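A closer look at the structure
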Amino acid sequence: LAFSIRGFESGVLAPIAGIFVDKFGPRKLLLFGMSVVGLGFLLIGHTHSLPSFYISFIILALGSSAASSVVTMTAVTRWFKKRIGRAMGFMTAGYGVSGVLVPGVIWLITQYGWREALVILGVGIWVVGIPLSLLVRDKPEKYGYLPDGDTSSSSIVIEVKEESGLTAKEALKTRNLWFLFLAVAFAGVAGAAVFVHQIPYLISIGISREVAGFSVMALTLSSIIGRLGFGWLSDIFDKRHSFAIATAIKAAGIFAFSQVRTVWQIILSLTILGIGYGGVIPLRPALQAEFLGKKAFGTVQGILLIAITIGSVVAPVFVGWIFDTTGDYRPAWLVLAIVTLMAIPLVLAIKSPK
């Protein structure tokens, strides 16, 4: 329930975080978020009752929403234009790298216990996260620069034109926003379900817990490749086509995952899935910046994250229900593969802005 509360609260707070980052800038939001996330970990480490456990997770959700991708992607969008896909790829790769650090967290718990480990993590977030937050700059114009380091007068004219963009209210009236909303929802629906049920599924088909746990690394590392690779490709080719290809790869990975029997099949399927899963992530904000503008980027980004939240809440429950009902995960994976493919015609239906 605590995880569900945190997930629901994060979804509710995403549009609010978007409004705040457009108004106050990413630096203040990140500074607040890192401070509160660190506090949340300290509180969980000192919890001794169920109510305090829930309250700690609510505080953690508040902080992580203020330091979420809504804020970091807004910062990147303000500083990059020509190579925004690559910039988003590098930034979102950080989320993938975090998965590699999980063994370090496990080591802390083994060495010191879970309470002390949480306190160490909370203090560590303060020591590392707060100074890094202070290094973030809101927008280049505020410091006499332009995105991509441009200085020519023609670039200034182009940038002023692009910054005018659409307000959140105007964006809500366009088909492009709702096509992108649905495309993001369908393309992202399987992600949370795979992360939640990956190990139980592999154990259910006879794979050892140790091998199942190790397989998480294949998904995490390959997602970094997807983020960097498709971020780079989106700066060269049409971002809609790049999104469609990444989504197709993700669907193929989910289908292959549903048919695995051996360890090598598991690694191959999760590598394919990870590349597609990671590829979609930097393309979402890049598409938004190109087809909806940057004027209310944070607010619109918050709206789009609602689509991801819906999928992250519904899909794991659906997969769990299928397994409880049939005793088999495979039908659920096949359904999610089909649903993922539904994102392709939606993203291709997005029209270039007039």
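Here the structure is shown first, and the text comes after it.
As the structure is a computational prediction, the values presented were derived from the model and not from experiment. (Residues numbered from 1 in each chain as written. Predicted model: local features only at pLDDT ≥ 70, side-chain atom pairs only at ≥ 80, totals over all residues. Heavy atoms only, no water.)

**Section: the nonpolar core**
Operational definition: Residues belong to one nonpolar core when they are buried, are Ala, Val, Leu, Ile, Met, Phe, Trp, Tyr or Cys, and are joined through side-chain atoms within 4.5 Å. Each residue is placed in one exposure class: buried if its accessible area under a 1.4 Å probe, protein chains only, is under 20% of its type's maximum, exposed if it is over 50%, and partly exposed if it falls in between. Put simply, DSSP H or I for four residues or longer makes a helix, DSSP E for two residues or longer makes a strand, and each gets a number counted from the N terminus. Only heavy atoms matter for contacts: two residues are in contact if any of them lie within 4.5 Å across the pair.
Leu-177, Leu-180, Ala-183, Phe-243, Leu-287, Val-300 and Val-347 are the most contacted members of the largest nonpolar core, which has 28 residues in total. Listing elements by their share of this core, those giving two or more residues are α9 (168-172), α10 (175-204), α12 (239-258), α13 (263-292), α14 (297-326) and α16 (343-348). For this core, the leading source of residues is α10, giving seven residues. In contact with Phe-243, not counting residues within four places along its chain, are Ala-183, Ala-187, Val-280, Leu-283, Leu-287, Ala-343 and Val-347.

**Looking at the packing of aromatic side chains**
In plain terms, the rule: The aromatic pairing rule takes the rings of Phe, Tyr and Trp, using the six-membered ring of Trp, and pairs them if the centres are within 6.5 Å, calling planes under 30 degrees apart stacked, those over 60 edge-to-face and the rest tilted.
With the rule as written, the count across this model stands at 13 aromatic pairs. Centroid distance Trp-107 to Tyr-112: 6.1 Å. Interplanar angle 85°. Geometry classified as edge-to-face. Of the residues examined, Tyr-112 reaches a relative accessible area of 45% and is grouped as partly exposed. Considering the side-chain rings of Tyr-329 and Trp-333, the 6.1 Å spacing of their centres and the 15° angle between planes classify their relative orientation as stacked. Look at Tyr-329 and you get buried, because its relative accessible area is 4%. Residue classification places Trp-333 among the buried residues on the basis of a relative accessible area of 0%.

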